[in-house]
Every structure is written in C-alpha cells, then in structure tokens.
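Chain residues, written in single-letter form:
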Amino acid sequence: MTTAPTPVPTTPAATSPGGGAGASATATTSPAPTPRRRPLARLGGASWLATVPLLLFFLIGFGLPTVAIVIGAFTTSSDAETGAGQFTFDNLTASVQGGYQTAMLSSLKLSALTALLATVLGLPLAQAVVTSRHGWLRQAVLTASGVLANFGGLPLAFAFVATLGNAGEITKLLHLTDHGWSLYSFTGLTIVYLYFLIPLMVLTITPALDGLRTQWREAAQNNRATTVQYWRHVALPILLPSLLGGFVLLFGSAFAAYATAAAMVGATVPLVSRSIADALSGNVLVGQGNLALALSLNMIIVAVLVMAVYLPLQRRSARWLS
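Predicted model only: the values in this text are computed from it and were never measured.

Rules behind the numbers
- Residues numbered from 1 in each chain as written.
- Predicted model: local features only at pLDDT ≥ 70, side-chain atom pairs only at ≥ 80, totals over all residues.
- Heavy atoms only, no water.
- Helix = DSSP H or I, 4+ residues; strand = E, 2+ residues; numbered from the N terminus.
- Buried < 20%, exposed > 50% of the residue type's maximum accessible area, 1.4 Å probe, protein only.
- Areas by Shrake-Rupley, 256 points an atom, 1.4 Å probe, with all protein chains shown as cover.
- Polar contact = N/O pair within 3.5 Å; in protein donor to acceptor, adjacent residues only side chain to side chain.
- Patch = residues over 30% accessible without salt bridge, like charges linked within 9 Å, V, L, I, M, F, W, Y side chains within 5 Å.
- Salt bridge = Lys/Arg side-chain N within 4 Å of Asp/Glu carboxyl O.
- Phe/Tyr/Trp six-rings, centres within 6.5 Å; stacked < 30°, edge-to-face > 60°.
- pLDDT = per-residue confidence, 0-100.
- Contact = heavy atoms within 4.5 Å.
- Core = buried A, V, L, I, M, F, W, Y, C linked by side-chain atoms within 4.5 Å.
- Expected span 1.5 Å × (residues − 1).
- Bend = angle between axes of the 7 residues up to and from the residue.

Student: Got a minute to help me understand the overall build of the protein chain in this structure?
Tutor: Helix and strand content of the protein chain: 12 helices and zero strands. Starting at the N terminus, the α and β elements of the protein chain follow one another as α-α-α-α-α-α-α-α-α-α-α-α. When each of the 322 residues of the protein chain is scored for burial, the buried share is 32%. For the protein chain, the exposed area adds up to about 20,400 Å²; of that, 66% sits on carbon and sulfur atoms.

Encoded structure:
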C-alpha cells in the first residue's frame, strides 16, 4: 500500500498596489545577490591623484634641499679663498675630526641617554593611564602629553632658566648651587630634553598598551603567574618592537633638537646642530659654509639609519597588536 505524497504548500501570491497578482514566492527562493563593491585598488591611476600634492610637497620641501646639501658637501665653498665649486672630500673629512667629531659624539650620547630614560619613565606612566578607571584622567594626560611633546625652543629654555637656572626660583629655594647644580651642563640639558621626550613616549606607547588583550593576562593568572612574570614573559616580549620603535623615534627627536640647547647652554655643551650654526655664520672660521653642509649630511645619514630601524619595528608591532 502506497501513501500519497503530502503536497507542499506555497505562499499566496502577493497582490500589487495596482490590483494585479505578483509572482508567487516559494520557500526555496534565495534572496537576490548583493552587488559587490569595486575595490579601490582596481580603480586605476585616478586613485593616485590624491597623493600628488603630498609628493610635490615632499619633493620641494625635502628632496631639493637634500640634493643641495649633498652637492655642497662634496664641493668647496663659494666664499672660500680659492677653488670655489670644485669637487672635494675635505668637507666630509673635516666633519668627522677634531671638535666636529666631539660635537657629533656628544649629540649621539645625549640623544641615546635621553631616549633611554624617556622610554623607561614613559612606559609605567602610560600603563597607569591605560589601566585607570577614570576616562577623564586618560584624556587629560594624553592631551597634556600632546601639548608638552611639542613645547620646545625658546619658551622651554626660558621656563627652565627661570626655575632651575642660577637665579631660578627652585634653585634659590633649595640652594641647589651649593650642591654643585648647574642647569647649563650636560645633566641640565638632559633634564630639559626629558620634559618633552617623556610625553612623546606616552603618546607613542599608549596605542601598543591598548593592544594588549585582557585574555592574555587572564590566561597568565589562570596559570598562577604573578604580575612580574606576566610582564616578563608575555607583555614585554610583545611590546618590545613598540618600545624599540619608540626609543628610536625619541632618539631622532632629541638628535634633531636645536633651539632649546642653543638658547640655554650655547657652546657649553658641544652639539652638532650648534656646530652647523657656527659654521654657517662664520663664528669659528670664514669660508666654512660647505663644511656645515657636510655636517648636515652626517645628520641626514643618522636620520636615515634611524628610520631604517624604526619602520620595520613599527610593522612588526602592528602585526602583533592588530
């Protein structure tokens, strides 16, 4: 005995506003496919038009001066006694000898020391801000860091001279001069640089700290790991590319700083940026304009090395924390 198949019900026909019957839709009808959007990468050369102003600005603002510096570093100065414009290696040779070598080493030492101190001091400060339960505190610290990181030059030098100089308010209040304190020294310049490097480190490392997942800390706690063990074996290895990238960024910022040191310490602390200014103005010797370009070329080489280290670290950090 066979059983008759059960009929499959269909949905009733939809009635159109005009009174006509619409097409009946069954249960097996699939929705209409959504049209795919065309990726921006396939739009052709028109998408590159937006980068033309940036490329022109980079070419005019950075490319042409760099070419002029390179050409001038390998030629004699136009205000030299003889042989103006001739090819020579004397400028580069002189830029790494004597007082210019001392200035370069002093700049490298100051930049490395201040970058290291700012990295060590900025990390716990940024961690305290990230883990704070008060949103207003985070916004206040990040806003202040953005302001202080760009506060430099003559205003910063005047602020420290008025507070920690030989006749500064804090110096007189605490009698710091009796203990051998001097703002116009390598130590004093280090403290001044930390004033804007620590906020810059807070801004740099905060996104990386935000990328640390709570699951990693919970997993470490479930395995009875202490806070020190979590930071040593989990957090710091993940943050290491970001920390190194921040250190390199701070190093470049300190290495390129000029106005604050020039206004505060002058020639007391030898710096390569100050040596360039002296060579251009002829304070030491006349006809050393292209020597200043050779010193500038040395700074460009250091900056290129800094960026060559910073960019791979930034990409590696982005892979971990994305």
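Student: Can you walk me through the environment of Ser106 in this structure?
Tutor: By the secondary structure assignment, Ser106 is in helix 3 (residues 98-130). A residue is classified by how much of its surface remains accessible, and Ser106, at 12% relative accessible area, is buried. Note: C-alpha distance between Ser106 and Val272 (166 residues apart in sequence) is 7.9 Å. Polar contacts involving the side chain of Ser106 include one to the main-chain carbonyl oxygen of Pro270, which spans 2.8 Å.

Student: Just to check I follow, could you spell out a nonpolar patch on the surface for this structure?
Tutor: Taken together, Leu49, Val52, Leu56, Leu59, Ile60 and Leu64 make up a surface patch of nonpolar side chains, about 580 Å² in accessible area. Secondary-structure assignment places Leu64 in helix 1 (residues 52-73).

Student: Would you explain the packing of aromatic side chains in this entry?
Tutor: For any two aromatic rings, the description comes down to two numbers: the centre-to-centre distance and the angle of the planes. Within the structure shown, the criterion is met by 10 aromatic pairs. Consider the rings of Phe160 and Tyr195, whose centres lie 5.5 Å apart with planes at 90°: the pair is edge-to-face. Of the two residues, Phe160 sits in helix 5 (residues 154-164) while Tyr195 sits in helix 7 (residues 186-210), which places them 35 residues apart along the sequence. Taken together, the ring pairs connect Phe57, Phe58 and Phe62 into an aromatic cluster.

Student: Can you walk me through the confidence of the model for the protein chain in this structure?
Tutor: Where the model shows low pLDDT, its predicted coordinates should not be examined in detail. Here the protein chain averages 80 in pLDDT, while 80% of its residues score no lower than 70. Across the protein chain, helix 3 holds the top mean pLDDT of 93, while helix 12 (residues 289-321) sits lowest at 82. Note on residues 1-28: pLDDT under 50 across the span, and nine contacts to partners over four residues away in sequence or across chains.

Student: Sorry, what's going on with the nonpolar core here?
Tutor: For soluble globular proteins, nonpolar side chains are generally found buried alongside one another. One finds Leu189, Tyr193, Ile205, Leu209, Leu212 and Met264 to be the most contacted residues of the largest nonpolar core, which totals 56 residues. For this core, the secondary structure elements donating two or more residues are helix 3, helix 5, helix 7, helix 9 (227-256), helix 10 (259-264), helix 11 (272-281) and helix 12. Considering every element that reaches this core, the biggest residue donor is helix 7, with 13 residues. Core analysis: the second largest hydrophobic core is formed by five residues, Ile69, Ala73, Ala294 and Leu297 among them.

Student: It is not clear to me how unusual backbone geometry should be interpreted in this structure. Could you clarify?
Tutor: Excluding glycine, residues mostly carry a negative phi; peptide bonds, for their part, are mostly trans. Although it is not a glycine, His175 sits at a positive phi angle of roughly 55°. Inspection of the secondary structure assignment puts His175 in the loop between helix 6 (169-174) and helix 7.

Student: How should I be thinking about helix 9 in this particular structure?
Tutor: At 3.6 residues per turn, the α-helix brings residues three or four places apart onto the same side. The terminal C-alpha atoms of helix 9, which comprises 30 residues, lie only 38 Å apart, well short of the 44 Å expected from a rise of 1.5 Å per residue. At Leu236, helix 9 shows its largest bend, some 50°, and a proline, Pro237, comes one to four positions later.

Student: Sorry if this is basic, but what is going on with the side chain of Asn290 here?
Tutor: With respect to the helices and strands, the residue Asn290 is situated in helix 12. According to the relative accessible area criterion, Asn290 is buried, its value standing at 11%. There is a polar contact of 3.3 Å between the side chain of Asn290 and the backbone oxygen of Thr76.

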